[in-house]
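Chain by chain, the residues:
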Amino acid sequence: MKLDIRKIPVSGTYTQEENVVLKDEFNSNDFFNKCNSCNVKICASSCYERMIRVDFDISTNLNILDKESGNTFNKDFRIKDTVYYTEDEELADSDDIDKIIILNKNMIIDLDLDIYSLIVCNMPLNIDK
């Protein structure tokens, strides 16, 4: 999923929704075997003078490996989180632990790695069938 920051209005919100196919290297990891489906809706807006706020609403179905039994099962997850993007290196290096701030100097932001990271970071430690 790609976000063209030129589409974000100075005041207001830009919305985009897409069924995302996670890259092969994101599958078969310690967290899940496969992403069966992943629908992502983003709402992007200008925030402060030098930041873009992107609200993620991710609905995904993952094929989870049960570490104890070795069996797999499918599980739905809903993740809502916010990420800020900036081209200002000082802001990106900020110690503001309430915000995820990512340095980006491109007009088009590739969100795939960020979507994957949000899925992994928001998964519970113990997952029941």
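Residues numbered from 1 in each chain as written. Predicted model: local features only at pLDDT ≥ 70, side-chain atom pairs only at ≥ 80, totals over all residues. Heavy atoms only, no water.

A. Up close: the pairing of strand 5 (residues 72–86). In the sheet, strand 4 (residues 51–65) pairs with strand 5 via 15 bridges, with the strands oriented antiparallel. Directly across from Ile52, in strand 5, lies its bridge partner Tyr85. Between the antiparallel neighbours strand 4 and strand 5 lie six residues, among them Gly70 with a positive phi of about 85°. Pairing geometry for strand 5 and strand 6 (residues 101–103), over three bridges, is parallel. From the neighbouring strand, Tyr85 faces strand 6, where its bridge partner is Ile102. (Pairing = 2+ DSSP bridges. Helix = DSSP H or I, 4+ residues; strand = E, 2+ residues; numbered from the N terminus.)

B. Molecular detail of the sheet that holds strand 3 (residues 34–47). Judged by pairing direction, the sheet is mixed, and its five strands sit side by side in the order 2-3-4-5-6 without closing on themselves. The sheet is open, and its two borders are formed by strand 2 (14–19) and strand 6, each paired with just one other strand. The average angle at which neighbouring strand axes cross in this sheet is 25°, direction not considered. Pairing of strand 2 with strand 3 involves six bridges; the strand directions are antiparallel. Directly across from Asn19, in strand 3, lies its bridge partner Asn39. (Axes fitted to C-alpha atoms, helices over the stretch in contact; angles between N-to-C directions.)

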